[in-house]
Each structure stands twice: as C-alpha cells, then as structure tokens.
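Breakdown of the fold
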Amino acid sequence: MTGKENIPDANVEANENVDHWVHSTCNLCSIGCGCEIGVKDDKIVGIKGEVSHSINMGKLDPKAKDQWYANYSKDRLLTPMVRNENGELEKATWEEAMDLMVEQAKKTLKNKGPDGFSIYSTGQGFLEDFYTIAKVGRAGIGTHLLDANTRLCTATTEWCLLQSFGSDGVPASFEDFDHAETVMLFGHNPAETGTVLFDRIMERKNRTGKPYLIVVDPRETASAKEADLHLSLKPGTNAALLNGIIRQIISDGNIDRDYISRNTIEFNSMRNSIEEWTLAKTSAMTGIPEEQLTLAAKVLGETPSLVSTTLQGAFQSSDATTACVAINNLHLMRGLIGKPGCGPFHMAGQPSSSGNRTVGGVGTYPGNRNPANPDHLNEMAELWNIDAEKLEIGPEKGIMKQIEMIENDKISFFWNIHTNPLVSLPNRQRAKKALEKAFVVVQDPFLTETTEVADIVLPPAMWGEKEGTMENADRTINLLRKAVEPPEGVKSDFEILVEFSNRMGFKDKDGNPLIQYTTPEEAFEEWKKVSKGRPSDMSGMTYELLEKEKGIRWPATEDKPEGTTRLYEDQTFPTNIDYCQSFGKDPITGRPKTKAEFQQKNADGRAIFQPTYYFGSPEMPQDEYPFWLNTGRLLWHWHTRTKTARSKKLEEKAPRAYVEMNEDDAYSLRINQDDLVRVTSPRGEIQLPVHVDNRINQGEVFIPFHYGNWDGEQSANEMTMDVVDPVSHQPILKQAVCKVEKIS
Ligand SMILES: Nc1nc2c(c(=O)[nH]1)N[C@H]1C(S)=C(S)[C@@H](COP(=O)(O)OP(=O)(O)OC[C@H]3O[C@@H](n4cnc5c(=O)[nH]c(N)nc54)[C@H](O)[C@@H]3O)O[C@H]1N2
Ligand SMILES: Nc1nc2c(c(=O)[nH]1)N[C@H]1C(S)=C(S)[C@@H](COP(=O)(O)OP(=O)(O)OC[C@H]3O[C@@H](n4cnc5c(=O)[nH]c(N)nc54)[C@H](O)[C@@H]3O)O[C@H]1N2
Ligand SMILES: [Mo]
C-alpha cells in the first residue's frame, strides 16, 4: 500500500475558466445529482450542480465537489500489475496481464467448472458494465456466482420489495418528499449521507412547517436533531418497534379496510404475527417510552400522506428484511402508496446499486425476471441467442456464502471490480484469509487493502473519463458523458469486460461473438430490448433523451418516453404469477417458496402482507463485551476513502477513525476526550481515540467504517459480525458486541 504522501499537494479550486462543461452525474451517493464537469485542455478542472436537473436543482454536497481530485492523484495506477515469484506486484503490459487472466480463467473452468468463478462487482459502475457482467457471467462463463458490494448495501431493498410487491422497484420518487405530510427516516441519516435530499426536506419544512419528521435511530444524528419525533431505540430492535406501532394503529382502528380488501392479500396472517406486541412489551424491548410509541402510532395512523425511507440502520441491522417488510405493511394497511406524497422509499446507497440489480449483474436476472420461471429463462435465452439450460444455474449466492466457498476451495477465481472488500466486508481478517487462497483479479485505479491479496491489478478509467448510465435511488436513469480522455495506459471497466469475453472466445448459439456491441451506447440499446415488457422497461429511452430530459425514471416505454414518477398508481402490483420477479421466500428461514405455494396465494395483481417477526441480534452485550458496536458514515468521506482521502480538504476534515462514546460511560471507564483506547470484539481489535458525545446512548459506541489500514489499522470491520439476514443475505454490520479499554 502507498501512504498519504501521494495525495496531491494542493487542490485546484473549481473555476469558471473552462473550455467547456460536460453533462454528467455525481458518482458519490444514490441521490443522482445532475452535474457538469468543467474541462480545460482535456483536463477536469471543476464541477458544478446542474440547475435544470429536477433532482438537485444545482446543489451538490461537499464530497461531490471534490470527487475529481482523485483522478489526478500522483499514485494513480497507469499500468496493470501482476504478482511475481517473490510475491510482489510488478508492472506488466495489458497483453501480459490479460493473457494471464484468461489462462487462469480457462484453468478454473477446466478444473472447477463455471462455479469455481466469481465476479464481485459494485453499485458504482454503469448499467452498461453491469449488463455486460450479467451476460459474460451467465451466458459466457456460465456461473451463478455474481454478486456485488450491493449485498452489503441494498440487498434488503430488493428483497423487501419482492416479498411485498412481487418485483423490485422503489414505489415512490424524490418528488413525493415535496408532498408528504409526514416523512419517516428509518435508520437513515441523510443530513450526512444524502445532504441534497435532506436540504430538500428541510427547505420545505423551514418554509411551511411540513413535513412532520420522524427519525428512528439509536443515535441523535444530525438528521434526528431536526426531527419532531426522534425514536432512539435500542440497537437491533427495529422489527419490535414496527410490530408494536403497527399493532397499535390497527387497534386504534386507523386502517383502510376498503383498500386492504381491494388491493392486498393476507392481512390477517400479518396481524396474527404481531399480536403479542403490546405497547408495554414493545417499550420494554426497544427502550422507547410508551407515550412516544402512542404518539408515533397516532401520527403514522392519521397522516394523510407518508414517505418512509429505510437505509443502513434498517438493512444492516438484525431482522432487516422483516423490518422493511413491516414498513411496506404499514403503507399498505393505510393505502398510502401509489399516490402523491406516499410510499415506502427503501433507499439505495451507492450511485447505481439499484442499476446493478435491474440489469442482472448481481445474480438477479436481467429486467426483473424470475429465476424460478422457465418462461422467463427461455425468453432471456432467446434474447441472448444461447441455450436455455445455460441459465438454469441456481439461485444467487451472496458474498458471505462466497467467502465460505473460497474457504472450502469451491471458488478459486475471484474477479473484483470497483469495490474494496478488505475494508468493507464484515469480519475483515476472515475475509482476508479467504481471499488470500483464491486467484484474485482487482480492477481499481489505486493500490488498496484489497490489492494486497491481488494476483493481477487492472487500472480502470475513472468517473469523468468514460460514458454510461446510472440508476439512482428513485429509478431515475442518468447519463454521464465522457468529459476527458482517460490517462494513457488505462482502459474502462466496460472495455476490459468486452475484451475478456472476446479473449475467452465466448460465442452465441450461431458461433458469433457473445458480445457484439463495442460501445456503451450500443450496449444500452441491446439492454433496452431485454428490458422491454418488464417492470424496468427502458425501451423508450435514448442517450440523447436522457441528456435532454436530465434523467428519466423507469418504466419508460416507447409510448411513454417521459417515464414514471411513481409506481402502482393504478394499485396493480406485479404479483401475477407469470409476470412476478419472485415467488417469495419464507420470512424466517429464507427458503425460496415454490410456484405452487405462490399460486395458492393467488395474489394476481394484489400486494402481499407478510408476517413480521422479531428475532433480535444474534449477539447481545454481556459481561466480557458490555457495549454495542455501531458503525456507519461521516459527511466528509466516501466509503473506504480511496477518493475522498485524495482531496486534502476532505481528508483534513476527518483524517482518522475514532470511537464515539457517551459521557457517563467515559466517566465510569476514566476516559477523557481524545484518550487512546482499545476496542475489542470476539473477532478482532483496533486502537483509536475517543470522542465523548452524548448523542450516543449509554452502553453503545459508534465507529465510522471508512478507515482501513492505509494509514494504520483503523478498520471497524476488524470487529463486526459476519452473520447475514435469512432473506436478503445482507450482513448485520450495525450490531456487534465489544469492550473498550483505556490504553495507559
Ligand atoms: N458522506 C457519505 N454519504 C454517503 C456514503 C458515504 O460513504 N459517505 N455512502 C452512501 C452509501 S453506499 C450508503 S449505503 C448510504 C448509507 O446511508 P445511511 O444509512 O444514512 O448511513 P449509515 O451511517 O451507514 O447508517 C445510518 C444510521 O443507522 C443507525 N443505526 C444503527 N443501528 C440501528 C438500529 O438498530 N436501528 C435503526 N433504526 N438505526 C440504526 C446509525 O446510528 C446511523 O446513524 O450513504 C450513502 N451516502
Ligand atoms: N462496518 C461497516 N461496513 C460497511 C458499511 C457500514 O455501514 N459499516 N457499509 C457497507 C456499504 S452500504 C457499502 S456500499 C460498502 C462500500 O464499500 P466498498 O465498495 O468496498 O468501498 P469503496 O471505497 O466505494 O470501493 C470502491 C473501490 O473502487 C475503486 N474505484 C473508483 N473508481 C473506479 C472505477 O471507475 N472503476 C473501478 N474498477 N474501480 C474504481 C476505488 O478506488 C475503491 O477501491 O461498505 C459496506 N461496509
Ligand atoms: Mo452502501
């Protein structure tokens, strides 16, 4: 790894003195802010928000403004690297690196078969890259081991939507925040992680007093500070809280019986599942006083419109899918969906994590197709001109399952694209040991914690240097034009994927190259055909229209190229048995349900109430480990800091990790502000300074997860649990136990 000495000496201020501005989209979070990249002498010299873009209306957050500095960092990789006999990474030509990659890939296919091969990608690339991953992975290699960092991020969005509505696709849009009487931010801190959205909410609130804002978060975050009602629950009790509130709303009689009987099924089975959650029991479990629970039930039971967001405090907590399904249940029983100002809004985090799900790069089937429906597979096979058997290759396997498969010598080739798992995966040491066993290809502009285990490193073109589309959190497809040529020596992720497929000799049924497109735009045109007739239909979009309209929400058909602001306005849900994306999973075990089981429900266009259960965290603080460990984000950094630490301005705001701790806990451990402590969990330990802050409750500590071992071992994931949700297979990154000791 390289040190911080490689950060550019001085940041060039964004300026108006440019040759031209190029239409693009911010690549650092899921809001999808339109922006323009300022170019001078074929170099990026600035960025500004696009005023005519309906999502951000010219605004950008602090990270966004500095995201291009990393492109010009002195330690950017400009040639591939290959691990030599001495175990060191050594510069190589593209020819040498690709030859080795193809040789190893062929060896893996021969010795292990397609399921020895995994592609682990990202929610930060382009739809065109993801679509190519889906096609090369499934139709070329023939593997079902496609996954991405989206498993750590928004796998629960996908699965809670499948369980309730039969297909992926977030029902509401950002416009609905402008109409909602009530907004509930559930495990979501947009004041730090989606500032443009938070500003949009607060600007209206300051002007009109609306919306009534509920924030559910154990910490008093910057978002919670603005709330009308902050529910500071005990970690890992989301499902208990929601069950209690929903039960109370039902007993207050605040449900829309007409709506329920017309548009939904299985209300009673949901109601039975939560019968035990009296206010007293809910209060005891969550730590929230009964009066606050009563108030929450009154507001949520009476509000005429409601947008509820969920993000990592829901997805990365225990009972993730169950809690998010409970939020769907809440909206359904009140009929608050498919109308202005209404809808569950299960967020995305990364700029295109939903895009990867939509086009199938993460083990989903392209265009929300159902892996258990042979007609859908036949249709895909016909579109790709391949044998349908190639697609009958089993359900998706999440990254934690894949780590286990590497440990057991099942997977031996691991292709890592645009993610840094040896900072972001839970239980980091376990993940590291596993990846050391596999042949690992890392596609990254920098040396990172993950390239430490790479056999080949391929340097990609970065944001601003390539063309493609991204899907934000509200189904908006945005275009990013190429602003400048990439530095000599690098290739775009798209080019690398297409070249790999051609070098492997992947063919369709007629012996033609599997990948026949050569540009991202051609790939998008092919994807449009694949999407046609499916929920995420994009057949009405073109690059030109996307640029002109500044983003379009799917579905956007030829008849309706302007797209769709909100789903389910006609209250018809994609649960028809021949159309749906999934037959659902058992909410307790995660077992996929059979077609016969789904048929028996006969949902056929109606939404499904699912029962919801509270299980709690698999690990609870006790004698040796008395604290809850919570992890998450800071305003200033993007994930593993590979981009934001290369901006001096951002890095100076938050140069190192720390542990946030309540004053009373600090006092009883005789710890002062900035004292160095050792935080230990059953899996690992790190040393870091303390920030004493009463925004965190007693018995809980919080560590930002952005820091790896770039400048000293500071990774929160040394300590996190690698247990996953049974339905979405998303790891529980927000709850673990730990102890804190002062280092004298
Ligand atoms: N500045 C910045 N912005 C980002 C990113 C970034 O790296 N930096 N990353 C982007 C990405 S990919 C994502 S996924 C999003 C994530 O965005 P958020 O989900 O808003 O961010 P987090 O800090 O991970 O977690 C949110 C909150 O969950 C709370 N939480 C912990 N345990 C529980 C619990 O049991 N119940 C509830 N209700 N809440 C709990 C935490 O206290 C924390 O405040 O941010 C996006 N935006
Ligand atoms: N404890 C804990 N762990 C977490 C979380 C948490 O809240 N707590 N959050 C989880 C979540 S929600 C997420 S999204 C993940 C994020 O975790 P990661 O995805 O692992 O983090 P990033 O830093 O975004 O990694 C992106 C990598 O791609 C490289 N890169 C940049 N541009 C390009 C490009 O154009 N092409 C290619 N090929 N590479 C590029 C960057 O240098 C970087 O190394 O972390 C997860 N881990
Ligand atoms: Mo994320």
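The structure contained in this document is the topic of the report that follows. (Residues numbered from 1 in each chain as written. Chains lettered and ligands numbered in written order. Predicted model: local features only at pLDDT ≥ 70, side-chain atom pairs only at ≥ 80, totals over all residues. Heavy atoms only, no water.)

**Here we look at the overall build of the chain**
On a plain count of helices and strands, the chain comes out with 25 helices and 26 strands. Computed over the C-alpha atoms, the radius of gyration of the chain is 24 Å, within 12% of the 27 Å expected from 2.2 N^0.38 for a compact globule of 744 residues. Summarising its shape, the C-alpha atoms of the chain cover approximately 70 × 65 × 55 Å along the three principal directions. The buried share of the chain, taken over its 744 residues, is 66%. Pairs at least 24 apart in sequence give 74% of the contacts found in the chain among residues at least 6 apart. (Helix = DSSP H or I, 4+ residues; strand = E, 2+ residues; numbered from the N terminus. Rg over C-alpha atoms; globule rule 2.2 N^0.38 Å. Buried < 20%, exposed > 50% of the residue type's maximum accessible area, 1.4 Å probe, protein only. Contact = heavy atoms within 4.5 Å.)

**Some points on the side chain of asparagine 71**
The residue asparagine 71 is located in the loop between helix H1 (62–65) and strand S4 (81–83) in this model. Overall, asparagine 71 belongs to the buried group, its relative accessible area being 4%. Residues contacting asparagine 71, with those up to four places away along its chain left out, are Ile44, Arg76, Met462, Trp463 and Glu465.

**With respect to the site of ligand 1**
As a structural note, the neighbourhood of ligand 1 is formed by 35 residues, with Asn189, Thr193, Asp217, Arg633 and His637 the closest of them. Histidine 639 is positioned with one of its backbone polar atoms (N or O) 3.0 Å from an oxygen atom of ligand 1. Contact with the protein chains removes 100% of the 910 Å² of surface that ligand 1 exposes when unbound. Going through the elements one at a time, helix H6 (190–193), helix H13 (312–315) and strand S21 (627–632) are the ones with two or more residues in the shell around ligand 1. Across the shell around ligand 1, the residue classes break down as eleven nonpolar, 18 polar and six charged. The residue makeup of the shell around ligand 1 includes at least three contributed by each of domain 3 (171–346) and domain 4 (627–742). (Near = heavy atom within 4 Å. Polar contact = N/O pair within 3.5 Å; in protein donor to acceptor, adjacent residues only side chain to side chain. Areas by Shrake-Rupley, 256 points an atom, 1.4 Å probe, with all protein chains shown as cover. Nonpolar A, V, L, I, M, F, W, Y, C, P; charged D, E, K, R; others polar. Domains from an automatic or database assignment.)

**Some thoughts on the site of ligand 2**
Around ligand 2 sit 33 residues in total, of which Gln124, Asn149, Ser424, Asp444 and Thr640 are the nearest. Asparagine 420 places a polar main-chain atom, nitrogen or oxygen, 2.8 Å from an oxygen atom of ligand 2. Aspartate 493 is positioned such that a nitrogen or oxygen atom in its side chain is 2.8 Å from a nitrogen atom of ligand 2. Calculation on ligand 2 without its partners gives an accessible area of 920 Å², and the protein chains cover 99% of this total.

**Structural notes on the sheet that holds strand S15 (residues 439–443)**
As a general point, the strands of a sheet are linked pairwise by backbone hydrogen bonds and lie either parallel or antiparallel. Pairing in this open sheet of seven strands is mixed, and the strands run S5-S4-S16-S15-S14-S6-S7 from one edge to the other. Looking along the sheet, the strands with just one partner apiece sit at the ends: strand S5 (89–91) and strand S7 (146–148). Each adjacent strand pair in this sheet contributes to an overall mean axis angle of 20 degrees, direction not counted. Bridge count for strand S6 (residues 117–121) against S7 is three bridges, and the pairing is parallel. Note that in S7 the partner of tyrosine 120 across the bridge is aspartate 147. Where helix H20 (residues 493–504) meets the sheet, it contacts S6, strand S14 (413–417), S15 and strand S16 (456–458), and its direction lies at approximately 155 degrees from that of S14. (Pairing = 2+ DSSP bridges. Axes fitted to C-alpha atoms, helices over the stretch in contact; angles between N-to-C directions.)

**Side note on helix H8 (residues 238–251)**
Look at H8: 20 Å from first C-alpha to last across 14 residues, which is about the 20 Å you get at 1.5 Å a residue. Among the 14 residues that make up H8, twelve are buried, leaving the element largely enclosed by the rest of the structure. Turning to H8, its buried residues are Asn238, Ala239, Ala240, Leu241, Leu242, Asn243, Gly244, Ile245, Ile246, Gln248, Ile249 and Ile250. Note on H8: the residue one or two positions beyond its end, glycine 253, has a positive phi of about 80 degrees. (Expected span 1.5 Å × (residues − 1).)

**A few points about the side chain of serine 536**
Tracing the backbone shows serine 536 in the loop between helix H21 (520–531) and helix H22 (543–549). Classification of serine 536 by relative accessible area gives buried; the value is 0%. Engagement of the side chain of serine 536 in a polar contact is seen with the side chain of asparagine 368, the distance being 2.6 Å. Apart from the residues within four sequence positions on either side, serine 536 is in contact with Thr358, Gly367, Asn368, Trp527, Ser531 and Trp554.

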